[in-house]
Amino acid sequence: MALLYEEDLMPFFGNPNIQRQGARARALAAQRDVNTLPDPRTYAAVSGLLGTAPDEMGFSVLNPQYESIMQTARPAFYTGTALGVAPLARVFQAPAMALGRAGERMAERVVPKIMERGGLPADLLQSMAQGSRSNVYLPTTPKNPNPLVGTRYQTEQLPGIVSRRPVDFEAMRGGSMMTYPTDMLSRNTRVTNVSDIPLGSNSFVTPGGLMYMMDEGNIANRIGYASNQAAATSQNNRALQAIKENLARGGTGRVFMAPHTMPPGGENFSTGPTLGLLSLIDATNPDPKLLEMISNQMRQATVKKVKGKYKDFVGLNDPMAREQLLTGEGLKAGSAGDLRKIFVDKMSNVAAEKGLGFNYPDLQRAMFDPNVMNKPSFLMGDAIYEALPQLGIRPGSHAAYGYDMPGVFLGNTRGAPVSQFMQPVYNKILPEQMNKPGASYKTSSFEDLFGRLQEPGDIPVGNTYADPNQLTRGRLSTGGENISMFMDDAEIKRLKKLLGEQ
């Protein structure tokens, strides 16, 4: 995008005859179907620039030129939104729509005149008409969110993931159910465009969250999930203990794993977000000074109470940075996963977003599994596999979580909150987790210590005491004994109703 000066953004108040022609064009436009236009992209570019959202222009998804039109409309709209140029001379609104080729010729004549009078640069209008990327950061805040942020991305699902299928509840009858946390990343999804920035050869493929168990290769090799060696070993041992408890109750000895989703950000330890940010850096070629500023922030960051833990990070301008971030090669302290978390944290702040011309939520949602990303966090049961802990863990292929946990994919449900899915076990553990010291316990007043005491059904807000729901989820995710749910007839019936299966 060309550099814009203040005078380039001033509205044009020109020839009243041309303004009247614009008004006539708009009136005629209202009487015609945009899908019959001889040059719909010109209409899309001008309408978008003047503040009409792409999905409000009236183009049908069945239009054979739909994708091409949207590739023009989106950057036009984002540019108009970001630069506040909607007051620009509205003589251009729908000239092609109303007047056909005559409208195009009118636009060709008037564009230079707007340039002479302080309008938008011609190269910007031309780039929008060609459907090129906008490379624009859109301002957004929690109090004033931009609805476009988090929607600007393009992905392609690659082969290798089996279709979703209903879970077989009868297979689970007499078995036991367990859970642990997972991120919301998709698997085998190629991300090709973020914030209207085409990644081209820099596109990347997501490594997997819940879809990991649905990978055809993993199913064939009896791989249920993956984690680091210590966590994988712990989860495998938990499954062995659950089998022992299940058999003691007269069960089948089968154990099923239904991971629950972490909130957004839980994926930052994985390689997916880092791959995406590195792709954006390669695609946008930002100022080296910006990259060095971010590198210094990473070096100075406090990680697990250690300030400057990654002070020896080579920096984002060094070709070695990719290897350090993805594998930890050359790091003198800490893990590659924790370095990735710092990297994502610093690359998702406003300064970095503006420097690269993107919004991090666009990248984040591009990577998420569409089956869970719009549902509340701590959703359990979207995908379920049968654990086979007797086979033991083994080194795997996941770049962030290098050890595979044995199992085989069972099926999918619409999911439910952990507290509801694991209700009988959850309700038994929850009271045991109440009134444990929280972050502000030592500095709390006597009034808070007594006024915020937690009871079943009454958990006051605040940090005086730790969140018992969080502690309960933690116990269900890491505890060794009495954390599995026996799947008897009553539980099968309850879950079917909860998950909409009856």
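In what follows, the structure referred to is the one given above.
Residues numbered from 1 in each chain as written. Predicted model: local features only at pLDDT ≥ 70, side-chain atom pairs only at ≥ 80, totals over all residues. Heavy atoms only, no water.

**Q** An account of the pattern of salt bridges is requested, with residue identities and associated values reported.
**A** Side chains bearing opposite charge may pair, as long as their charged atoms lie close to each other. Evaluation of the coordinates by the stated rule reveals 13 salt bridges. Note that Arg152 and Asp362 form a salt bridge whose closest N and O atoms lie 3.1 Å from each other. Taken together, the residues Arg152 in the loop between helix 6 (122-129) and strand 1 (153-157) and Asp362 in helix 15 (residues 360-367) connect sequence positions 210 residues apart. Under the relative-accessibility criterion, Arg152 is labelled buried at 2%. Classification of Asp362 as buried rests on a relative accessible area of 0%. A salt bridge links Lys496 to Glu170; the nearest nitrogen and oxygen atoms lie 4.0 Å apart. With a gap of 326 residues between them, Lys496 in helix 20 (residues 489-498) and Glu170 in helix 7 (residues 169-172) connect regions that are remote in the sequence. Classification of Lys496 as partly exposed rests on a relative accessible area of 23%. In this structure Glu170 comes out as partly exposed when scored by relative accessible area, which is 45%. Because the salt bridges share partners, they merge into one network encompassing Glu170, Arg173, Asp489 and Lys496. (Salt bridge = Lys/Arg side-chain N within 4 Å of Asp/Glu carboxyl O. Helix = DSSP H or I, 4+ residues; strand = E, 2+ residues; numbered from the N terminus. Buried < 20%, exposed > 50% of the residue type's maximum accessible area, 1.4 Å probe, protein only.)

**Q** Any details on the packing of aromatic side chains? Residues and values, ideally.
**A** Centre distance and the angle of the planes are the two values used to describe a pair of aromatic rings. Going through the model one piece at a time under the given rule, you end up with five aromatic pairs. Summarising the aromatic geometry, the rings of Phe269 and Tyr401 are spaced 5.7 Å apart at their centres and angled 25° between planes, so their arrangement reads as stacked. Placement of Phe269 in the loop between strand 9 (260-261) and helix 10 (272-284) and of Tyr401 in the loop between strand 14 (394-395) and strand 15 (403-412) is noted, with a sequence separation of 132 residues between them. Following the ring pairs from residue to residue traces out a cluster consisting of Tyr180, Tyr212, Tyr225 and Tyr385. Cation over ring: Arg473 sits above Phe378, and NZ or CZ is 3.5 Å from the ring centre. (Phe/Tyr/Trp six-rings, centres within 6.5 Å; stacked < 30°, edge-to-face > 60°. Lys NZ or Arg CZ within 6 Å of the ring centre and 35° of its normal.)

**Q** Which residues make up the pairing of strand 13 (residues 383-387), and what are the values?
**A** In terms of residue burial, strand 13 counts as a mostly covered element, since five of its five residues are buried. Where strand 8 (residues 255-257) and strand 13 come together, three bridges link them in antiparallel fashion. When the sheet's bridge partners are listed, Val255 is paired in strand 13 with Ala387. Sheet topology places strand 13 next to strand 15; five bridges connect them, and they run antiparallel. Counterpart to Glu386 in the pairing with strand 15 is Val408. (Pairing = 2+ DSSP bridges.)

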